[in-house]
Amino acid sequence: MFETREGERQLEADPAAMSSDGHVVFIGRIASPWTSRETCPKNMRAAREAGQPAVLTIDPAYREGLAGLDRASHVIILSWFDQAPRNLIVQKPRHSAEPKGVFSLRSPARPNPIGLHVAKLVALDIEAGRLDLDAIDVLDGTPVIDVKPYFASTDAFAEAAIAGRDER
């Protein structure tokens, strides 16, 4: 699924083969229109531009945790990239001349393949555990580890920047 590029390095031990110590549970799954890595948008901006909505369904045991979320216009979703490799520590993105450490990238290939997504909450049905989202940049069936409300007052930083990128 992930091709090896020049300059990339792998960890000596694959985290996927290690015993777990966090006892992370999946609380739901995302239904998206994306069924292959090749067609899946690379980020939320590209997902929104594609104009394809998504649905996050929370498992019955966790649905009470949605109480009060209807106040939020946007949510932060933490997903588990279950199809991504976990042993790459240095990667060479297609758009980059030089390899970079995994912690300086947004690639799904990482020791703990956790995705971070900010999506517009279009509709919420607590009883059904259904969150309708404006868009998402994950494959269909991707597990979810957490949902949080997005607070513009504390989650947005107008001065945030990455050297070498012309975006804010």
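The sections below set out a description of the structure shown in this document. (Residues numbered from 1 in each chain as written. Predicted model: local features only at pLDDT ≥ 70, side-chain atom pairs only at ≥ 80, totals over all residues. Heavy atoms only, no water.)

**With respect to the overall build of the protein**
1) Next: Secondary structure assignment for the protein yields two helices and nine strands.
2) Next: Order of helices (α) and strands (β) in the protein, N terminus to C terminus: β-β-α-β-β-β-β-β-β-β-α.
3) Next: Expected size for 168 residues packed as a compact globule is a radius of gyration near 15 Å; at 17 Å, the protein falls within 12% of this value.
4) Next: Taken along the three principal axes of its C-alpha coordinates, the protein extends 50 × 40 × 30 Å.
5) Next: Split into buried and exposed, the 168 residues of the protein put 35% on the buried side.
6) Next: About 10600 Å² of surface is accessible on the protein, with carbon and sulfur atoms providing 52% of the total. (Helix = DSSP H or I, 4+ residues; strand = E, 2+ residues; numbered from the N terminus. Rg over C-alpha atoms; globule rule 2.2 N^0.38 Å. Buried < 20%, exposed > 50% of the residue type's maximum accessible area, 1.4 Å probe, protein only. Areas by Shrake-Rupley, 256 points an atom, 1.4 Å probe, with all protein chains shown as cover.)

**Some words on the nonpolar core**
1) Next: Ranked by size, the top nonpolar core spans 21 residues in total, and within it Leu56, Ile77, Leu131, Leu133 and Val147 carry the most contacts.
2) Next: If you list the elements that add at least two residues to this core, you get strand E3 (54–58), strand E4 (74–80), strand E7 (114–125), strand E8 (130–133) and strand E9 (143–149). (Core = buried A, V, L, I, M, F, W, Y, C linked by side-chain atoms within 4.5 Å.)

**Remarks on the environment of Gly101**
1) Next: In this fold, Gly101 is placed in strand E6 (residues 100–101).
2) Next: Separated by eleven residues in sequence, Gly101 and Val90 have C-alpha atoms that sit 4.4 Å apart.
3) Next: Setting aside residues no more than four positions away along its own chain, Gly101 makes contact with Ile89 and Val90. (Contact = heavy atoms within 4.5 Å.)

**Some points on the sheet that holds strand E1 (residues 9–10)**
1) Next: Read across the sheet, three strands follow the order E1-E5-E6 without closing on themselves; strand pairing throughout is antiparallel. Of all strands in the sheet, those bounded by a partner on one side alone are E1 and E6.
2) Next: Bridge count between E1 and strand E5 (residues 88–91): two bridges; the pairing is antiparallel. Pairing of Arg9 across the sheet is with Val90, part of E5. (Pairing = 2+ DSSP bridges.)

**Some words on the packing of aromatic side chains**
1) Next: Throughout the structure, instances matching the rule amount to one aromatic pair.
2) Next: Relative to Trp80, the ring of Phe26 has its centre 6.4 Å away and its plane inclined at 45°; by these criteria the two rings are tilted. Here Phe26 is found in the loop between E1 and strand E2 (28–31), whereas its partner Trp80 is found in strand E4, with 54 residues between them in sequence.
3) Next: Phe26 gets classed as partly exposed once you look at its relative accessible area, which sits at 35%.
4) Next: The class of Trp80 is buried, set by a relative accessible area of 16%. (Phe/Tyr/Trp six-rings, centres within 6.5 Å; stacked < 30°, edge-to-face > 60°.)

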